Amino acid sequence: MNKIVQSVLLLGFFASSAYAADRTLDLSNGCKVYQLDQKKWVEVDAAAMDKITLADSQILKDETFTVFKVSTGTFGVNKKCIVTDDAAPTNRPTNVPHRTAVPAPVRGDMHSRWAAVFSFGYNMLQAGNQKTTYVGVTTEDKVKYKGSFAFLGEANYRVNGAFRLAGELGLSQLTVDAFNGNETSFFDMRPEYVFRAGKKVEAYIGPMLGLFFLSQNKETRQFASGPAADTTIDVKEQTATALLVGIGAGLDWVLTPQFDLGFFFRYFKPGNLKVTGSETFPTPGNTYEASLSTSYVTGGARFVVHF
């Protein structure tokens, strides 16, 4: 009787070992792979996962639609696309990595969650007011700006499938006319909510918080009205700094697993920017201060490189 029990246990051991054999993901027949993202199955480009080996412990659901889990997430595929090692093609690579580095959501065969963005835009819908204080008297006037170009550079990190954190630098101008204008620059941080707007399209939106810098050029201002009427003011070269708040939004279209092309909009609202000067005529030495408040929208195109 003991011999019979031992034989049954031994047979069970070999049987369980056979069922626990590794399996191979074979996409040679055009199989489609889906990743579980925000409780939805999303088709992904899984070429880099072809011929990877799956242990039995990685199979979460062994059904017609087989679900398995690897270090980069949970995936699903038709059962016919997973074969046991003894049925796998003989040309399967012998040194296949068990991990494909794929940020969330899937961005092809990426190696990190970092991306660099290069943007070119145009400033529009500018609005502004300027408070002028001269010998203790203050007046306020509207300022009209012309459109100007903007150049932006960004680095962002994908926290998960729905959120990323971006840091951005920008260069532009506040232009009054063809002869008057001052360079601006800014730095901002943006936590962004990212969501799918199509099979190959992602949309995003997020608030901005940063610093805004105005590089005031040397300028001679002559006033025909107000408290500084009939005076000449000398404004020296200087820098004004203010807190920057705003909001950013846009769409990115997947060109390849590594590159995106998109468009963006930014609403900028820096705090008051103050510049000072002194009167040169007719009473040299009188103090002058201008406090500029402005807001504008920048729209344009951007190119994204995933690493």
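Remember, it's a predicted structure, so these values are computed and weren't measured experimentally. (Residues numbered from 1 in each chain as written. Predicted model: local features only at pLDDT ≥ 70, side-chain atom pairs only at ≥ 80, totals over all residues. Heavy atoms only, no water.)

Visitor: I would appreciate a short explanation of the overall build of the protein chain in the present structure.
Guide: Within the protein chain, the regular secondary structure consists of one helix and 20 strands. Burial analysis of the protein chain (307 residues in total) assigns 42% to the buried set. For the protein chain, contacts bridging at least 24 residues in sequence account for 65% of all contacts bridging at least 6. For the protein chain, the accessible surface area stands at approximately 17000 Å², while carbon and sulfur atoms represent 60% of it. (Helix = DSSP H or I, 4+ residues; strand = E, 2+ residues; numbered from the N terminus. Buried < 20%, exposed > 50% of the residue type's maximum accessible area, 1.4 Å probe, protein only. Contact = heavy atoms within 4.5 Å. Areas by Shrake-Rupley, 256 points an atom, 1.4 Å probe, with all protein chains shown as cover.)

Visitor: Looking at this structure, how should I read the state of the cysteines?
Guide: Where two cysteines share a covalent bond between their sulfur atoms, that bond is called a disulfide. Tallied over the full model, the rule gives one disulfide. With a sulfur-sulfur separation of 1.8 Å, Cys 31 is cross-linked through a disulfide to Cys 81. Because the torsion about its S-S bond is -90°, the bridge between Cys 31 and Cys 81 counts as left-handed. Taken together, the residues span a long stretch of sequence, with Cys 31 in the loop between β1 (23–25) and β2 (33–37) and Cys 81 in the loop between β7 (73–78) and β8 (82–84) at a distance of 50 residues. For the pair Cys 31 and Cys 81, one class covers both residues: buried. (Disulfide = S-S within 2.5 Å.)

Visitor: What exactly am I supposed to notice about the pattern of salt bridges here?
Guide: Any two side chains of opposite charge can pair, given that their charged atoms come close. Counting across every chain of the model gives 18 salt bridges. For Glu 154, the salt bridge identified is with Arg 190, shortest N-O distance 2.8 Å. Within this pair, whereas Glu 154 is found in strand β11 (residues 148–158), its partner Arg 190 is found in strand β13 (residues 181–198), the two being separated by 36 residues in sequence. Here Asp 252 makes a salt bridge to Arg 164, at a shortest N to O gap of 3.8 Å. With a gap of 88 residues between them, Asp 252 in strand β17 (residues 238–254) and Arg 164 in strand β12 (residues 163–175) connect regions that are remote in the sequence. Sharing partners across several salt bridges, the network here consists of Glu 154, Arg 164, Glu 168, Asp 188, Arg 190, Glu 192, Asp 252, Arg 266 and Arg 302. (Salt bridge = Lys/Arg side-chain N within 4 Å of Asp/Glu carboxyl O.)

Visitor: Help me understand the confidence of the model for the protein chain, please; the structure alone is not making it clear to me.
Guide: Interpretation of the predicted coordinates at a detailed level should be avoided for regions scoring low in pLDDT. For the protein chain, per-residue confidence averages 80 on the pLDDT scale, and 82% of positions sit at 70 or higher. When pLDDT is averaged over each element of the protein chain, strand β18 (residues 259–270) comes out on top at 95 and helix α1 (residues 2–19) at the bottom at 42. Here residues 87–105 scores under 50 on pLDDT; set against residues more than four positions off or in separate chains, the count is 38 contacts. (pLDDT = per-residue confidence, 0-100.)

Visitor: When you look at the sheet that holds β1 in this model, what are you seeing that I'm missing?
Guide: The strands making up a sheet associate through hydrogen bonds between their backbones, and the pairing can be parallel or antiparallel. What the three strands build is an open sheet, ordered β4-β1-β8; its pairing is antiparallel. Bordering the open sheet on either side are β4 (53–54) and β8, each of which pairs with just one other strand. (Pairing = 2+ DSSP bridges.)

Visitor: Help me understand the environment of Ala 47 in this model?
Guide: Note on placement: Ala 47 falls in the loop between β3 (40–44) and β4. Assessed through its relative accessible area of 59%, Ala 47 is described here as exposed. The spatial distance from the C-alpha of Ala 47 to the C-alpha of Ser 28 is 9.7 Å, given a sequence separation of 19 residues.

Visitor: Is there a simple way to think about the sheet that holds β7 in this case?
Guide: Spatial strand order, β3-β2-β7-β6-β5: five strands in an open sheet with antiparallel pairing. Single-partner strands in this sheet number two, and they are β3 and β5 (59–61). Each neighbouring strand pair of the sheet contributes to a mean axis angle of 35°, computed without reference to strand direction. Two strands pair when backbone bridges link them, and β2 and β7 are joined in this way by two bridges, in the antiparallel orientation. Looking at the pairing, Gln 35 lines up with Phe 75 of β7. (Axes fitted to C-alpha atoms, helices over the stretch in contact; angles between N-to-C directions.)

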